[in-house]
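# Analysis of the macromolecular model
Letter by letter, the chains look like this.
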Amino acid sequence: MGPHPAVAAIRLAVRRVLHDVLTEHQTDPDAPPAAPDKRPLGPSPDRPAPLVLVACSGGADSMALASALAFEARKLAVRAGGITVDHGLQDGSGQRAAEVAGRMTALGLDPVEAVTVTVGREGGPEAAARDARYAALDEAAARHGAAAVLLGHTRDDQAETVLLGLARGSGIRSLSGMAAVSGAAGRYRRPFLGLDRQTVRKGCVAQELAVWDDPHNADPAYTRSRLRHEGLPALEKALGKGVVEALARTAQLSRDDADALDSWAADAENAVRDEAGRLECAKLFGLPPAVRRRILRRAMIAEGAPAGSLFARHIEEVDRLITGWRGQGTINLPGRVEARRQGGRLVIRQG
């Protein structure tokens, strides 16, 4: 008798990602040779088995992911470890992080670490916690030489992200949600974007996995929590079932379109700069708005504007220096970046 259908779906999603990681690792010219006693059973015995880490909070999504990684790694030429991040935002968080690390060790993951971070205030509590968490995961992955870090975001998380992007009004890239592969050198992988939260939770129940439900996920003080418990249910009540699936599908279609436009903008950028590398307003004016605004955004980020703090209104204000020039003054942007028009050129730099 095979595993529970939910468990089978979870393991299949993880197996596919691990096969991708293995394929990439076997074709990586920079991968070091394997020690004689640590050679994998795969088709490239001269390479060490890649290490894949799971980012585990102890919740249902990440515990299901940790269990599936431990199960599938035993059948493949993959080493599997885990990282849990203690944000220090709740009483007893250190003890819970230690318990989560213990659960991952019991699953057979190695190495396993509990990392404590200090959460700042920039961008609000949710953004600050996310920034601290990813910084810790990046550091741990680099320290251990991990080929990939698995994240437990589900299709429901994707739907929420799309709605949050829609509320910000930041364009098609915000509507594209989370990528299945992201981060430097494709470090972060999200196997569960095609699975709903209910399936993942069923998988935990079927395997009798102990999970921890973060009270922040039900706290109406947090935007995503309100969206999860009030916004999406209201949409499903008004529009019928299938809203989550439709939003996730919208994310993929939007990502395909955004990727194509980003590629166009990257190719067009050199053509709109003069010999000194300055952006020429007349040439920018001749581009389609979607391409022009991508070039502007890239230029702002290159000068130090945080990508997560650049909203549609920032791009529109700078775009008006090109399309609606009336002698406007300097525009202040996030990250203390300034934009102004000078002598037919668009000057973007640190203030």
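Residues numbered from 1 in each chain as written. Predicted model: local features only at pLDDT ≥ 70, side-chain atom pairs only at ≥ 80, totals over all residues. Heavy atoms only, no water.

### With respect to the overall build of the protein chain
For clarity, the cut-off: Secondary structure is summarised from DSSP: a helix means a run of H or I of at least four residues, a strand means a run of E of at least two, and numbering begins at the N terminus for each. The size measure is the radius of gyration over C-alpha atoms, and the globule rule it meets is 2.2 Å times the number of residues to the 0.38 power. Whether a residue is buried, partly exposed or exposed follows from its accessible area with a 1.4 Å probe, protein chains only, as a fraction of its type maximum: under 20%, in between, or over 50%, in that order. Whether two residues are in contact is decided by their heavy atoms, any of which lying within 4.5 Å being enough.
When helices and strands are tallied, the protein chain shows 12 helices and 10 strands. At 23 Å, the protein chain has a C-alpha radius of gyration in line with the 20 Å of a compact globule built from 351 residues. When the backbone C-alpha atoms are referred to their principal axes, the protein chain occupies close to 70 × 55 × 35 Å. Expressed as a percentage of its 351 residues, the buried residues of the protein chain come to 45%. Sequence-distant contacts in the protein chain: of pairs separated by 6 or more residues, those separated by 24 or more amount to 65%.

### Here's the deal with the nonpolar core
Cut-off, in case you're wondering: We call a set of buried residues a nonpolar core when its members are Ala, Val, Leu, Ile, Met, Phe, Trp, Tyr or Cys and they connect through side-chain atoms within 4.5 Å of each other.
Val52, Leu69, Leu109 and Phe192 are the most contacted members of the largest nonpolar core, which has 32 residues in total. Contributions of two or more residues to this core are made by helix H1 (5–26), strand E1 (51–55), helix H2 (60–73), helix H3 (93–107), strand E4 (148–150) and helix H7 (197–207). Residues within four places of leucine 69 in sequence aside, it is in contact with Val14, Leu18, Val52, Leu53, Val54, Ala80, Gly81, Leu109 and Leu150. Core analysis: the next-biggest nonpolar cluster, separate from the first, contains 25 residues, Ala268, Leu284, Leu296 and Ile315 among them.

### Side note on the side chain of serine 62
Among the structural elements, serine 62 can be located in helix H2. When near neighbours in sequence (up to four residues on either side) are disregarded, serine 62 contacts Val54, Ala55, Cys56 and Ser57.

### Section: the environment of glycine 124
Relative to the assigned elements, glycine 124 resides in the loop between strand E3 (112–116) and helix H4 (125–144). For glycine 124, a relative accessible area of 24% puts it in the partly exposed group. When the C-alpha positions of glycine 124 and glutamate 338 are compared, they lie 23 Å apart, and in sequence the two are 214 residues distant.

### Let's talk about the pairing of strand E10 (residues 345–350)
Basically, it comes down to this: Two strands are said to pair when DSSP picks up at least two bridges between them.
Pairing of strand E7 (residues 279–280) with E10 involves two bridges; the strand directions are antiparallel. Paired with leucine 279 across the two strands is leucine 346, which belongs to E10. Pairing of strand E9 (residues 337–342) with E10, which is carried by six bridges, proceeds in the antiparallel orientation. Opposite valine 337, over in E10, you have glutamine 350 as the bridge partner.

### Here's the deal with H4
Quick reminder of the rule: Each helix should span, by expectation, one fewer than its residue count multiplied by 1.5 Å.
Its 20 residues give H4 an end-to-end C-alpha distance of 29 Å, which sits within 8% of 28 Å, the value for a rise of 1.5 Å per residue. Along H4, the residues classified as buried are Ala127, Ala128, Ala129, Ala132, Tyr134, Ala136, Leu137, Ala140 and Ala141. Against E1, strand E2 (79–86), E3, E4 and strand E6 (188–189) lie the buried residues of H4.

### Section: the packing of aromatic side chains
Which entries qualify depends on this criterion: Any two rings among Phe, Tyr and Trp, with Trp reduced to its six-membered ring, count as a pair given centres within 6.5 Å; such a pair is stacked if its planes are under 30 degrees apart, edge-to-face if over 60, and tilted if neither. Each ring is checked for a lysine NZ or an arginine CZ that lies within 6 Å of its centre and within 35 degrees of its normal; such an atom marks a charge sitting over the ring.
A complete count under the given rule lists one aromatic pair for this structure. Positioned above the aromatic ring of phenylalanine 71 is the side chain of arginine 11, whose terminal nitrogen or guanidinium carbon lies 3.6 Å from the ring centre.

### Considerations on the sheet that holds strand E8 (residues 331–333)
Sheets are built from strands paired through backbone hydrogen bonds, the pairs being either parallel or antiparallel. Note the following rule: Orientation is described by lines fitted to C-alpha atoms, with helices fitted over the stretch in contact, and by angles between N-to-C directions that extend from 0 to 180 degrees.
Pairing in this open sheet of four strands is antiparallel, and the strands run E7-E10-E9-E8 from one edge to the other. With one partner strand each, in any of the chains shown, E7 and E8 form the two edges of the open sheet. Docked against the sheet, helix H11 (residues 289–302) engages E7, E8, E9 and E10, running at close to 30° with respect to E10.

### Focus: the sheet that holds strand E5 (residues 181–182)
On the basis of which strands lie adjacent, the open sheet formed by six strands has the order E3-E2-E1-E4-E6-E5 and mixed pairing. Only two strands of the sheet have a single partner each, and these edge strands are E3 and E5. Pairing of E5 with E6 involves two bridges; the strand directions are antiparallel. Looking at the pairing, serine 182 lines up with tyrosine 188 of E6. Running at roughly 170° to E2, H3 makes contact with E1, E2 and E3 of the sheet.

### Considering the pairing of E3
Pairing of E2 with E3 involves five bridges; the strand directions are parallel. By the bridge assignment for E3, isoleucine 83 is matched with glutamate 113.

### What about the pattern of salt bridges?
Operational definition: One side-chain nitrogen of Lys or Arg within 4 Å of one carboxyl oxygen of Asp or Glu is enough to make a salt bridge.
One pass over the structure, following the stated rule, counts 25 salt bridges. Linking glutamate 245 and arginine 155 is a salt bridge whose minimum nitrogen-to-oxygen distance equals 3.7 Å. Here the residue glutamate 245 occupies a position in helix H9 (residues 243–269), and arginine 155 occupies one in helix H5 (residues 155–168), the gap between them amounting to 90 residues. Judged by its relative accessible area of 18%, arginine 155 falls in the buried class. Arginine 224 is paired through a salt bridge with glutamate 160; the nearest N and O atoms lie 3.1 Å apart. With arginine 224 in helix H8 (residues 223–239) and glutamate 160 in helix H5, the pair connects residues that are 64 residues apart, well separated along the chain. Residue arginine 224 is classed as partly exposed on the basis of its relative accessible area of 26%.

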